[in-house]
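Fold and geometry: a report
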Amino acid sequence: MELLKVLVALGGQEVRADQIADALWPHVDADYAHKSFTATLHRLRRLLGDDDAVLLRDARLSLNPALVWVDNWALEQVCAAVDEALRAPPGAAPDAGLRSLADEALALYRGPFLPDESEQPSYIASREQLRLRLLRCLARLARRWEDAKQPEAAAECYLRLIEADPLYEAPYRNLMLCYQRAGDLVEARTSYERLRTLLAARLKAAPSPETQ
């Protein structure tokens, strides 16, 4: 399972075997790491029930998209579809279609990637990359709705992202600015206080200077 997690965190496609071995067995020599990688790959294929689910070609490991579904990949595809839709002039992209894409993205994002595991740098990098990708996508949607005089729809994007990932500060800042632009300073302040209280209770920390 650790091999599968690292593979997904590193993108799941054409990941160098030695890179994975270094991540999983950082303190052993190359020969032992290679033997461990080979044995672990065999166990993973057996666990998944199909040798073709994980492909090893030219010393690079890939999940087979014909047999394996990865929510990270699906989320990226939805965000790409949002980007494509937003390239059209305002009014050209149907509002219902944009809302449907936002709903799909937020349904796919169930929270931070492997939140209880911090040993692997690749987990942290993947976690932040996914968060930032989704936030940028939702921020573009939200500004489109703000420009269309639909601030409630814009705020809903950020609120749902906060519900999925309540300790992620960035969407709180976006939500506060959204309320501020709509002239609702009470809700902007309430959003800040919600974050401040949550960080104090969960992490014994204060919001970042940027948020303050």
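Residues numbered from 1 in each chain as written. Predicted model: local features only at pLDDT ≥ 70, side-chain atom pairs only at ≥ 80, totals over all residues. Heavy atoms only, no water.

1. What about unusual backbone geometry?
The phi angle at Asp58 is positive, at roughly 55°, despite the residue not being glycine. With respect to the element layout, Asp58 can be found in the loop between strand 2 (54-57) and strand 3 (60-63). A positive phi angle, near 60°, is found at Lys149, a position not held by glycine. In this fold, Lys149 is placed in the loop between helix 6 (121-147) and helix 7 (151-164). (Helix = DSSP H or I, 4+ residues; strand = E, 2+ residues; numbered from the N terminus.)

2. Let's talk about the layout of surface pockets
Taken as a whole, the largest pocket encloses approximately 300 Å³ of empty space. Around the largest pocket sit 17 residues that line it, and Val8, Asp71, Asn72, Phe113 and Leu114 are the ones nearest its centre. Mapped onto the lining of the largest pocket, the elements with two or more residues apiece are helix 1 (2-9) and helix 4 (71-86). Here the lining of the largest pocket takes 3 residues from helix 4, the largest share from any one element. Class assignment for the residues of the lining of the largest pocket results in 13 nonpolar, 2 polar and 2 charged. Of the volumes computed, that of the second largest pocket is approximately 260 Å³. For the lining of the second largest pocket, the element with the most residues is helix 4, which contributes 5 residues. Classifying every residue of the lining of the second largest pocket gives 6 nonpolar, 4 polar and 2 charged. (1 Å grid on protein atoms, 1.4 Å probe; cavity = no way out; pocket = protein on both sides within 12 Å on 5 of 7 lines; lining within 4 Å. Points joined across faces, edges and corners; volume = space filled by probe spheres on them. Nonpolar A, V, L, I, M, F, W, Y, C, P; charged D, E, K, R; others polar.)

3. Description of the pairing of strand 2
By the bridge criterion, 4 bridges tie strand 2 to strand 3 in an arrangement that is antiparallel. Residue pairing in the sheet places Leu56 in a bridge with Leu61 of strand 3. Hairpin connection between strand 2 and strand 3: a loop of 2 residues separates the two successive antiparallel strands, and Asp58 in this loop has a positive phi of roughly 55°. (Pairing = 2+ DSSP bridges.)

4. Looking at the pairing of strand 3
In the sheet, strand 1 (residues 15-16) pairs with strand 3 via 2 bridges, with the strands oriented antiparallel. Looking across to strand 3, one finds that Val15 is bridged to Leu61.

5. What to know about the confidence of the model for the protein chain
A residue-level look at the protein chain finds 98% of positions with pLDDT of 70 or above and a mean pLDDT of 92. Here helix 5 (residues 95-108) is the element of the protein chain with the lowest mean pLDDT, 90, and strand 3 is the one with the highest, 97. (pLDDT = per-residue confidence, 0-100.)

6. Regarding the packing of helix 4 against helix 6
Two elements in contact, helix 4 and helix 6, have axes whose closest approach is 10 Å; the angle formed by their N-to-C orientations is 30°. By the angle class used here, helix 4 and helix 6 are roughly parallel. Regarding helix 4 and helix 6, the two cross each other, and that crossing is left-handed. Of the residues in helix 6, those in contact with Asn72, Leu75, Glu76, Cys79, Ala80, Val82, Asp83 and Leu86 of helix 4 are Ser126, Leu130, Arg133, Leu134, Cys137, Arg140, Leu141 and Arg144. Classifying every residue of the contact of helix 4 with helix 6 gives 9 nonpolar, 2 polar and 5 charged. (Axes fitted to C-alpha atoms, helices over the stretch in contact; angles between N-to-C directions. Parallel < 35°, antiparallel > 145°, perpendicular 65-115°, else oblique. Left-handed = near helix turned anticlockwise from the far one by under 90°. Contact = heavy atoms within 4.5 Å.)

7. Focus: the side chain of Asn64
Relative to the assigned elements, Asn64 resides in the loop between strand 3 and helix 4. Its relative accessible area of 14% is what places Asn64 among the buried residues. At a separation of 3.0 Å, a polar atom in the side chain of Asn64 contacts the main-chain carbonyl oxygen of Asp52. Ignoring any residue separated from it by four or fewer positions in sequence, one finds Asn64 in contact with Asp52, Ala53 and Leu55. (Buried < 20%, exposed > 50% of the residue type's maximum accessible area, 1.4 Å probe, protein only. Polar contact = N/O pair within 3.5 Å; in protein donor to acceptor, adjacent residues only side chain to side chain.)

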